[in-house]
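# Close look at the chain arrangement
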Amino acid sequence: MDKVITVENLTFEYTRGENEEPVKALDGVSFEIDKGSFTAVIGKNGSGKSTLAKNLNGLLVPTSGSVFVEGYDTRDDESIWEIRQRAGMVFQNPDNQLVSSIVEDDVAFGPENLGIDPQEIRRRVDKALEDVNMGEYKDKAPHLLSGGQKQRIAIAGVVAMRPEIIIFDEPTAMLDPKGRKEIMAIIKELHGEGKTVILITHFMEEAIEADRVIILNDGKIMLDGTPEEIFRRADEIRAVNLEIPMMTDLGDRLISAGVKVPRGIIREEEMLEAICRLKSQT
Amino acid sequence: MPIKVTDLTYVYDEGMPTEQVALQNVSFQVEDGEVLGIIGHTGSGKSTLLQHLDGLLRPNSGTIEIGDTDITKHGVSMVDIRKKVGLVFQYPEYQLFEETVEKDVAYGPKNLGLSEEEAAERAREAVTLVGLDFEKIRDRSPFELSGGQKRAVAIAGVIAMKPQVLILDEPTAGLDPRTHDDILNIIRTIHQRTGNMIILVSHNMGDIASIADKVLVMDTGRSVAYGTPLEIFSREEDLKEIGLDLPPVTRFCKKLGIEETVLTLDEAVEKIKEFIGA
């Protein structure tokens, strides 16, 4: 499998005040991201997950260690355009990401900066807006849209640059439940179309949609595996003040109460099935 | 102090082409000491309603009686409303501005006309009530604190004015699960200690189910339902129609075919045991 991102022993430090010791936001983190994969990175506030996201497309560069995006070293100033074209980023607050007063101009902003031919830009903008189901809003003003719609425009702006990798840094944290569902549906679609997706989140319901979950704690990787492997270790996850998916929690409580559902169920459908199977046995 | 809202109507840009009815004949009554949860889709009028309760907006018609004062009457001073009602906005930590935690929290009380000493005492009480160590934190810059602490300090700034009604607009938005629970527990503590009414708006149905005594459902500027969490979350179809979900555990038990409305995981375990006949 092709590796699109390689992170080697990444350490990132920042200083709070002039006379204070630097703080290690990331401490010796190493992993690789497969082309076309969907990885969720979870961790509590302050675990280093946003710092990690910003290191993955060169918004921040390592204090030591290295990050390669499709072979380009993020510390190399010359490569920064190559990296940004390959790894796009969607942030938490949609209001901070929109630059234009008309939706389609906003989506065109990225490709324009890449110096792409205007006709090609037209095609890309139309396609990107279609991808996020916002085609009919192309001549509307972004500030009149809902939070979820604005975030979809921000995603279209990244999609129009045709990056191989899209990094989502808590894209649903400021949205209402409807907006959150819309954005998760778009993320899954983009992944289905072959994009490599990295989703930083603290919603477990979102993390279980990924094929790989990385848990960061105190700037280090604590767990790395499939959602099933990760959430089987509920006690370790609770110990670092993270939540486990509701179904896993319910499963543990049922087992304690003597109901023999299999341990480590993370999805609703599986739990429904398990309970119905038990019912049919009695 | 009970609140009685009667036929509240508010129109944005009345008489202009952009005219929009934000609230239409909203009526409800909350008893003293209750926790009221307000739910509704984005744009349903929740925030407009809160701004009326805090006297920031005046209705086109209708009344808001807090205790025996109708705060919509001309001549009621803002200072009097502030003493009755405290509003914590969404993302209140963005409104921290002072050099130290103590000064930030004491700012409100000072504006009510209290002396330096009284305001400092209010700050101490409020910061302690939100679960922070006043001595440790009083001289620190609010901007150096963690996200959860910042929000707690912002809430303390409102509590320091000793409002008889505390209103919070999405107090847990954008927090990680642990900090989310911390803030909910702070709200519970405030409620236990003061015994005052708390009104909170949330998109998180689980929070509403766990903390509220009564739930008000808003849709397109109208109050469409009012009742206990059990009553409200038993009306799945009505909620779905206006784009609202059930709490996740409630929805799961309904899917399973359990008829009663379940609001907590503990209840769910009991009902599932009955369901499978164990």
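Thresholds, definitions, all that
Residues numbered from 1 in each chain as written. Chains lettered and ligands numbered in written order. Predicted model: local features only at pLDDT ≥ 70, side-chain atom pairs only at ≥ 80, totals over all residues. Helix = DSSP H or I, 4+ residues; strand = E, 2+ residues; numbered from the N terminus. Rg over C-alpha atoms; globule rule 2.2 N^0.38 Å. Buried ≥ 20, exposed ≤ 12 C-beta atoms within 10 Å, placed from the backbone. Contact = placed C-beta atoms within 7 Å. Pairing = 2+ DSSP bridges. Expected span 1.5 Å × (residues − 1). Arc of directions from axis to C-beta. Axes fitted to C-alpha atoms, helices over the stretch in contact; angles between N-to-C directions. Domains from an automatic or database assignment. Nonpolar A, V, L, I, M, F, W, Y, C, P; charged D, E, K, R; others polar.

### Brief notes about the overall build of chain B
- The secondary structure content of chain B amounts to 12 helices and 10 strands.
- In terms of C-alpha radius of gyration, chain B reaches 20 Å, essentially the compact-globule figure of 19 Å for 278 residues.
- Evaluated residue by residue, chain B yields a buried proportion of 44% over its 278 residues.
- Of the contacts formed within chain B by residues at least 6 apart in sequence, a portion of 65% connects residues at least 24 apart.

### A short note on unusual backbone geometry
Residue and element names in this part refer to chain B.
- Positive phi, close to 45°, is recorded for tyrosine 91, a residue that is not glycine.
- Along the chain, the position of tyrosine 91 falls in the loop between β6 (85-88) and α3 (101-111).
- Despite not being glycine, glutamate 170 has its phi angle at roughly 50°, a positive value.
- Mapped onto the elements of the fold, glutamate 170 is located in the loop between β7 (165-169) and α7 (177-194).
- Given 21 C-beta atoms within a 10 Å radius, glutamate 170 is considered buried.

### Notes on the pairing of strand β9 (residues 212-217) of chain A
Residue and element names in this part refer to chain A.
- Judged by how many residues are buried, β9 sits mostly within the fold: six of six residues are covered.
- The alternating pattern of β9 places Arg212, Ile214 and Leu216 and Val213, Ile215 and Asn217 on opposite faces, both of which are buried.
- As judged from the four bridges shared by strand β3 (residues 38-42) and β9, these two strands associate in the parallel manner. Directly across from isoleucine 42, in β9, lies its bridge partner isoleucine 215.
- As defined by bridge partners, β9 adjoins strand β10 (residues 220-225) across five bridges and the pair is classed as antiparallel. For leucine 216, the partnering residue across the bridge sits in β10 and is isoleucine 221.
- Where β9 folds back onto β10 in an antiparallel hairpin, the turn is made up of two residues, including aspartate 218, whose phi is positive at roughly 50°.

### Points about the sheet that holds strand β1 (residues 3-14) of chain A
Residues and elements named next belong to chain A.
- Strand order across the open sheet formed by four strands is β2-β1-β4-β5, with antiparallel pairing between neighbours. Bordering the open sheet on either side are β2 (23-34) and β5 (72-73), each of which pairs with just one other strand.
- In the sheet, β1 pairs with β2 via eight bridges, with the strands oriented antiparallel. Residue pairing for β2: valine 7 is matched across the bridge by phenylalanine 31.

### Some thoughts on helix α6 (residues 177-192) of chain A
Residue and element names in this part refer to chain A.
- The end-to-end C-alpha distance of α6 is 22 Å, a good match for the 22 Å that 16 residues give at a rise of 1.5 Å each.
- Within α6, burial applies to Gly179, Arg180, Glu182, Ile183, Ile186, Ile187 and Leu190. The buried residues of α6 occupy an angular sector of 160° when the element is viewed end-on, so they sit on one face.
- A positive backbone phi angle near 110° is found at glycine 194, which sits one or two residues after α6.

### Structural notes on the sheet that holds strand β3 (residues 35-40) of chain B
All names here are of chain B.
- Pairing in this open sheet of six strands is mixed, and the strands run β6-β7-β8-β3-β9-β10 from one edge to the other. With partners counted over all chains shown, the strands left at the sheet margins are β6 and β10 (222-227), one partner each. The average angle at which neighbouring strand axes cross in this sheet is 20°, direction not considered.
- Across five bridges, the pairing between β3 and strand β9 (residues 214-219) is parallel. If you follow glycine 40 over to β9, its bridge partner there is methionine 218.
- Running at roughly 155° to β7, helix α1 (residues 46-53) makes contact with β3, β6, β7, β8 (197-201) and β9 of the sheet.
- Here helix α6 (residues 147-159) sits on the sheet and contacts β6 and β7; the angle it forms with β6, its principal contact strand, is near 165°.

### Digging into the pairing of β3 of chain B
All names here are of chain B.
- Among the six residues of β3, six are classified as buried, and the element is accordingly described as predominantly covered.
- Side chains Val35, Gly37 and Ile39 project from β3 onto one buried face, and the interleaved Leu36, Ile38 and Gly40 project onto a second face that is buried too.
- The pairing of β3 with β8 spans four bridges and is classified as parallel. Residue pairing across strands places isoleucine 38 opposite valine 201, the latter belonging to β8.

### Notes on the domain arrangement of chain A
Residue and element names in this part refer to chain A.
- On domain assignment, one finds that chain A holds domain 1 (3-243) and domain 2 (245-282).
- Spacing between the C-alpha centres of domain 1 and domain 2 amounts to 33 Å.
- Contact residues are listed per partner, giving eight residues for domain 1 and seven residues for domain 2.
- Elements that contribute at least two residues to the side of domain 1 that touches domain 2 include exactly α7 (204-207) and α8 (227-231).
- Ranked by the residues each element gives to the side of domain 1 that touches domain 2, the list is headed by α8, at three residues.
- Of the residues in the side of domain 1 that touches domain 2, the class split is five nonpolar, no polar and three charged.

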